[in-house]
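What follows is each chain in one-letter form.
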Amino acid sequence: MDYLRNLGSAAVSTLVQKSGINLPFTLGTKVAFCETFWSLYDATKRDDGSLVSVFEYDLIHPLNKSTIPLARNALRKLRTIRHPDVLKFMDVVESDSAILIMTERVRPLSAALQAWASKGQQEREDWLLWGLHRISVALAFINDSAASTHGNIRPNAVFISPSGEWKLGGFEVLSSPKDDNAVLYTMGDLLPEAMVCASPEVKKGGWSASKEGPISAADSYALGLLLHSVFNPTHPQPSTAAPPHPPPQPSSRGSMPISVFPSFKKLLNPNPKGRMSPKNFLDVGMAETAGEGSGFFSGNRLVKVCGGLDNFSLGSEAEKAALLRTLKESASSFPPEFASFRVLPCLVSALEYGGASAGAIVPLVLRFGKNVSTENYSNVVLSPLVKLYASPDRGTRIALLDSLSEYADELDKKAVVDKVWPNLQTGFSDTVAVIREATVRSIVILAPKLNDRILNNDLLRHLARLQNDPEASIRTNTCILIGRLGPTLGYNTKRKVLVPAFSKALKDSFVHTRVAGLMAFMATSECFDIEDVAGKVMPNIAIATLDKEK
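Residues numbered from 1 in each chain as written. Predicted model: local features only at pLDDT ≥ 70, side-chain atom pairs only at ≥ 80, totals over all residues. Heavy atoms only, no water.

Within an unreviewed UniProt entry, the label attached to the chain reads Protein kinase domain-containing protein, and the organism entered is Paxillus rubicundulus Ve08.2h10.

S.K.: For the pattern of salt bridges, give the residues involved together with the corresponding values.
M.R.: A complete count under the given rule lists 16 salt bridges for this structure. One salt bridge connects D402 with R441, and the closest N-O pair in it is separated by 3.9 Å. Taken together, the residues D402 in helix α16 (residues 394–402) and R441 in helix α19 (residues 433–446) connect sequence positions 39 residues apart. Classification of R441 as partly exposed rests on a relative accessible area of 42%. The salt bridge involving R436 is made with D469; its shortest N-O contact spans 2.7 Å. Here R436, found in helix α19, pairs with D469, found in the loop between α20 (452–466) and α21 (472–485); they are 33 residues apart in sequence, far enough to count as distant. Both residues of the pair, R436 and D469, belong to the buried class. Among the ionic contacts, a cluster of salt bridges with common partners joins E165, D310 and R342. (Salt bridge = Lys/Arg side-chain N within 4 Å of Asp/Glu carboxyl O. Helix = DSSP H or I, 4+ residues; strand = E, 2+ residues; numbered from the N terminus. Buried < 20%, exposed > 50% of the residue type's maximum accessible area, 1.4 Å probe, protein only.)

S.K.: Could you give an account of the nonpolar core, naming the residues involved and the relevant values?
M.R.: Counting residues in hydrophobic clusters, the biggest one holds 140 residues, and the most contacted among them are W127, W166, L327, L347, F368, Y407 and L459. Here this core gets 10 residues from one element, more than from any other, and that element is helix α5 (residues 121–145). Each of domain 1 (10–107) and domain 2 (411–549) accounts for three or more of the residues forming this core. Ranked by size, the runner-up nonpolar core spans 13 residues in total, among them V173, A182, A194 and V202. (Core = buried A, V, L, I, M, F, W, Y, C linked by side-chain atoms within 4.5 Å. Domains from an automatic or database assignment.)

S.K.: Provide a residue-level description of the domain arrangement of the chain, including the pertinent values.
M.R.: In many analyses, interface size is given as the accessible surface area lost on bringing the parts together. As assigned here, the chain comprises domain 1 (10–107) and domain 2 (411–549). The distance between the C-alpha centroids of domain 1 and domain 2 comes to 62 Å.

S.K.: Go over the pairing of strand β4 (residues 89–94), please, and point to the residues and values.
M.R.: Bridge analysis of β4 against strand β5 (residues 98–104) gives five bridges, and the strand direction is antiparallel. Paired with E94 across the strands is I99, a residue of β5. What sits between β4 and β5 in their antiparallel hairpin is a turn of three residues. (Pairing = 2+ DSSP bridges.)

S.K.: So what's going on with the confidence of the model for the chain? Which residues, and what values?
M.R.: Per-residue confidence for the chain gives a mean pLDDT of 87, with 93% of residues at or over 70. For the chain, per-element mean pLDDT is lowest for helix α1 (residues 2–7), which scores 38, and highest for strand β8 (residues 166–168), which scores 97. Here residues 1–20 scores under 50 on pLDDT; set against residues more than four positions off or in separate chains, the count is 30 contacts. (pLDDT = per-residue confidence, 0-100. Contact = heavy atoms within 4.5 Å.)

S.K.: Residues and numbers for α5, please.
M.R.: Across its 25 residues, α5 extends 35 Å between first and last C-alpha, which sits within 8% of the 36 Å expected from 1.5 Å per residue. Positive backbone phi, at 45°, marks A147, one or two positions downstream of α5. (Expected span 1.5 Å × (residues − 1).)

S.K.: Could you give me a rundown of the packing of aromatic side chains, with the residues and numbers involved?
M.R.: This model, assessed by the stated rule, comprises 14 aromatic pairs. Ring geometry for F55 versus F159: centroids 5.3 Å apart, planes at 85°, classification edge-to-face. Linking F55 in strand β3 (residues 51–58) with F159 in strand β7 (residues 158–160), this pair joins segments that are 104 residues apart in sequence. Given a relative accessible area of 7%, F55 falls into the buried group. Assessed through its relative accessible area of 3%, F159 is described here as buried. Look at F281 and F297: their rings are 5.5 Å apart centre to centre, the planes differ by 85°, and that puts the pair in the edge-to-face class. In this pair, F281 is assigned in helix α10 (residues 278–285) and F297 in the loop between α10 and α11 (301–310), connecting sequence segments 16 residues apart. No difference in accessibility class separates F281 from F297, as the two residues are buried. Site record: aromatic cluster; members linked through ring pairs are W130, F334, F338 and F368. A cation sits over an aromatic face here: K119 above W116, 5.2 Å from the ring centre. (Phe/Tyr/Trp six-rings, centres within 6.5 Å; stacked < 30°, edge-to-face > 60°. Lys NZ or Arg CZ within 6 Å of the ring centre and 35° of its normal.)

S.K.: Explain the side chain of E437 to me, using residue names and the numbers behind them.
M.R.: Summarising the element assignment, E437 is placed in helix α19. One buried charged residue, E437, forms no salt bridge at all, with the nearest opposite charge on R441 at 4.1 Å. Only 2.8 Å separates the side chain of E437 from the side chain of N477, close enough to count as a polar contact. E437 has contacts with S473, I474 and N477, leaving out every residue within four places of it along the chain. (Lys, Arg positive; Asp, Glu negative; His and termini not counted. Polar contact = N/O pair within 3.5 Å; in protein donor to acceptor, adjacent residues only side chain to side chain.)

S.K.: Describe a nonpolar patch on the surface, naming the residues involved and giving the relevant values.
M.R.: A cluster of nonpolar side chains, V515, M519 and M522, forms an exposed patch at the surface whose accessible area comes to about 310 Å². One can find M519 in helix α23 (residues 511–523). (Patch = residues over 30% accessible without salt bridge, like charges linked within 9 Å, V, L, I, M, F, W, Y side chains within 5 Å. Areas by Shrake-Rupley, 256 points an atom, 1.4 Å probe, with all protein chains shown as cover.)

S.K.: Help me get a handle on the pairing of strand β2 (residues 38–45), residues and values and all.
M.R.: Across seven bridges, β2 lies against β3 in antiparallel orientation. Directly across from A43, in β3, lies its bridge partner V52. Adjacent in sequence and paired antiparallel, β2 and β3 are bridged by five residues, among which G49 carries a positive phi angle near 75°.

S.K.: Lay out the packing of α20 against α21 in plain terms, naming residues and giving numbers.
M.R.: The N-to-C vectors of α20 and α21 enclose an angle of 155°; their axes lie 9 Å apart at closest approach. Taken together, α20 and α21 sit at an angle that is classed as roughly antiparallel. At the point where α20 passes α21, the crossing takes the left-handed sense. Across the interface between the two elements, L455, L459, L463 and L466 from α20 touch I474, R475, T478, L481, I482 and L485 from α21. Class assignment for the residues of the contact of α20 with α21 results in eight nonpolar, one polar and one charged. (Axes fitted to C-alpha atoms, helices over the stretch in contact; angles between N-to-C directions. Parallel < 35°, antiparallel > 145°, perpendicular 65-115°, else oblique. Left-handed = near helix turned anticlockwise from the far one by under 90°. Nonpolar A, V, L, I, M, F, W, Y, C, P; charged D, E, K, R; others polar.)

What follows is the structure in structure tokens.
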């Protein structure tokens, strides 16, 4: 079994074989080492084939014996702390030799930073601020709602999802000061390079000293160092990282935005009681009035788009329209992974509600869907659109039909026959003329994917009725459509349907319908036997020579 070979652990193999427990994933390649005792693997979830990640902790490695409590704490906290910006726990397998934690698919921040190093300055700055916003939200939740200190805020504790979003992990020492057995205050020093991100009071008096100050103090200081390191990865840490602790100098700003620098200095305040908390940092960044030293999050386009997407269903029509306009104008400038895995799923979800926004959302779904790989396009884009044909909302239907040419080629014949057609045909008898006409036009595109039964029976019955439609343009388009379908119809169907249909058009009160009848006879001339031409086609065409229209 490949996943056991990749795992490389005889103990786990024995556990599975003897206990009958199956691993819920298939391990792929090793991505990185996290700290010194976790190994990160790409993996595949076995029940549905979805992409996941697996963190492996080797319990029998001699160097890991002392840090086993930290690994177990990480597992316990990851299981209990659920938040959109926290690494998503999915499952765990434990044995005598290893702990294997399955999470959403992620990659280390360090790898992402390398990939973004070649991007343009503004694009990179937008992405970094968006990521720091998500980490600040997660950290504020941990400090305030969970009343805990993370204790390990550093690049190695941050992971990137397929959508490019930053997820907070690294829960090895996450602890509450109310917990008598909290590992942070007794074993915090066991973390690799624990003092690199430690605050001045921790460096002076150990992790137990952090109990005396605000619960967020140690994390605030580490957040400041994280901020500096992501904007200036090649620069040394600011001088506040080691005593004495003068305020950061302007020369240490590097690539950090000017608006962030004042908060950065407050995060690195040597006095824990005067230090800015992650919650305050978040509030300053989200200030409505952007100015010097504030609004650096609220003005970020990725932050604004995410906020709008998350609250789309609750927003007013004006707010929805503004967001959709922003998406339309900025679509080409979004990171591809953000467009495919963050924006697109939210837009597809919003379509389920229908309404006036559908006409604007469907084109955006197709536009953002261009970034989706060929193998995923059907599930990610087509399946939701096909389901929408069952929606009774007319705005949704007209949006689907107006954009049909952009995705029709990707539809398979079975989906059109079994899922699209049963709902599409209701449009032929809709009380709104625009829907009827759009339905007729759609058949020109979908006809090659309809089976013979539909073409020669169901469809023609609908079209025969539409030749009497009160709307002249619909009668005209119906005649044109029958003319285009003519060569694909069965032999007997051609003989029974074409001449009566086109002859009826020649007698229509609307001149363009009569012209369409003549053009249809010409386009289908090869569909008629010589006898039918002489006995049926020519007599019906002859009357057109007396038409009042020149």
